[in-house]
Amino acid sequence: MSLCFPEQEVRFVRDLRAVPDKATLAVWGMRAIPDNIAARGIGIVRLEDGFLRSVGLGADLIRPLSWVVDRRGMYYDATRPSDLEVLLSQTEFTDAMLARAAALRGRIVDAGLTKYNVGAAVWRRPAGVARAILVPGQVESDAALDCGAPGIRTNLGLLQAVRKAHPDAYVVYKPHPDVVAGLRARGAAEDAAGQWCDEIVVDVSMDEMFLQVEEVHVLTSLAGFEALLRGRRVTCYGQPFYAGWGLTTDILPIPRRTRRLTLDELAAGALILYPCYLSRSRARQVTPEEALEELLAWRERAGREAPWWRKLFRVVLRRVVGVR
C-alpha cells in the first residue's frame, strides 16, 4: 500500500485515536468514519482495487496489481462525485492520450483480459439465437450496490427486469465468481434465477461470454465497462462510473453527468489517469502498459483454473472469515 503514496510516510494504526491531527487517513472502500475525524483536520482518502486486478479473486486474498486512491469519494459511490467522475467530466484529453488509450484498450481486448481473469470452461451460443443478453451477477452485500443502485439491488430483481423488457431474447445469467467459489453469500432468492433466464453459466471466462452476446445488462458490475471496451451494447439498471456519459443505456440517469465521452476518453480516464499500478516483481509503480504485460505473464503461469491448493485454502477461509 505504501507504494500508492510515494514520498509519504505511511503508518498503520488499529485505533483512530492514534492518527495525528491534520494527518491524512487512508481507509479501505466505503468504511464509515467518525465525525470527529474531520473536526481534527484529518483528511480522508479511500482505496480500492483497480479495474485490471489479478489472476484470481480478491476474496481469495490475492493481492491486486492495480489500486485506486480517491480523495473525494469512491468510483462506485454514485451519491456524490468521485475523483474519477471529476476527471472524466473535466479533463481535456490530448490526441496523444487518446491514441494511448486506444492502443491499451485494443491490447486488453485482443488478450481477453478482464478484472479477475478466471474461468476454464467453454460456452457456445445455441444455434438459432437471434439476440443474446448476458446478465452478470454481483455480490449483493457489496458497497457498490448500496452506493450505486438506488433502484433494483438484487440479482434476481435484475433478471426479472431484463426478462420483462426483453421477453424474446436469449438471457444468460453468470453468477459472481466469488459466490461460485463459496467465498461470498448468494443473493436474495438467487436460487430462483433459472426461472428468469434461459441458461446459467459458471466457470466460463467473462471475455468468452462477451464475444458471443450482443448486449450486457448490469446493475453496477465492472463487466459493463469491460463489455463497452469490446463494443457491446450495455444497459445499466444502477449508476456505475461508466454510465451517464452517452455510452450506455441508463435506466436511472445521472443528471450531473452531462458530458458526452468517446470510448477512448472513458478508457483514458479509467485505465490510465485514475488508477495506480504496482509491479508484482519490482517494488515500484509501473505504467498501465507494463502492468498489462505483467498480468499476461501471470495468467500464462497460473492458467485459468484454480489449483487444488487454492480450493483447499477457500475451505479454510470460509471457516475463519465466514461467508458474507
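The following paragraphs examine the structure supplied in this document.

About the criteria used
Residues numbered from 1 in each chain as written. Predicted model: local features only at pLDDT ≥ 70, side-chain atom pairs only at ≥ 80, totals over all residues. Heavy atoms only, no water. Pairing = 2+ DSSP bridges. Helix = DSSP H or I, 4+ residues; strand = E, 2+ residues; numbered from the N terminus. Salt bridge = Lys/Arg side-chain N within 4 Å of Asp/Glu carboxyl O. Core = buried A, V, L, I, M, F, W, Y, C linked by side-chain atoms within 4.5 Å. Buried < 20%, exposed > 50% of the residue type's maximum accessible area, 1.4 Å probe, protein only. Contact = heavy atoms within 4.5 Å.

1. Some words on the sheet that holds strand 6 (residues 199–200)
Read across the sheet, 6 strands follow the order 6-5-4-7-8-9 without closing on themselves; strand pairing throughout is parallel. The open sheet has two free edges, formed respectively by strand 6 and strand 9 (249–250), since each of these has just one partner strand. Pairing geometry for strand 5 (residues 170–174) and strand 6, over 2 bridges, is parallel. By the bridge assignment, Val 172 is partnered in strand 6 with Glu 199.

2. Details of the pattern of salt bridges
Inspection of every chain in the model, using the stated rule, returns 22 salt bridges. Here Arg 105 and Asp 264 are joined by a salt bridge, their closest N and O atoms 3.0 Å apart. Separated by 159 residues along the polypeptide, Arg 105 in helix 3 (residues 95–111) and Asp 264 in helix 9 (residues 263–273) bring together distant segments of the chain. We note a salt bridge from Glu 214 to Arg 125, for which the minimum N-O separation is 3.0 Å. On the criterion of sequence distance, the pair formed by Glu 214 in the loop between helix 7 (206–210) and strand 7 (215–218) and Arg 125 in the loop between helix 3 and strand 4 (132–136) is long-range, its members being 89 residues apart. Shared partners join several salt bridges into a network, and the residues in it are Glu 85, Arg 256 and Arg 257.

3. Looking at the nonpolar core
With 64 residues, the main nonpolar core has Phe 51, Tyr 75, Phe 225, Phe 241, Tyr 242 and Leu 271 as its most contacted residues. If one sorts the elements of this core by residue count, helix 9 sits on top with 7 residues. Those residues in contact with Phe 51, other than ones at most four positions away along the chain, are Ser 66, Tyr 75, Leu 84, Lys 115, Leu 222, Glu 226, Phe 241, Ala 270, Leu 271 and Tyr 274. The next biggest cluster of nonpolar side chains, apart from the first, holds 15 residues, and it includes Ile 133, Val 135, Leu 145 and Ala 149.

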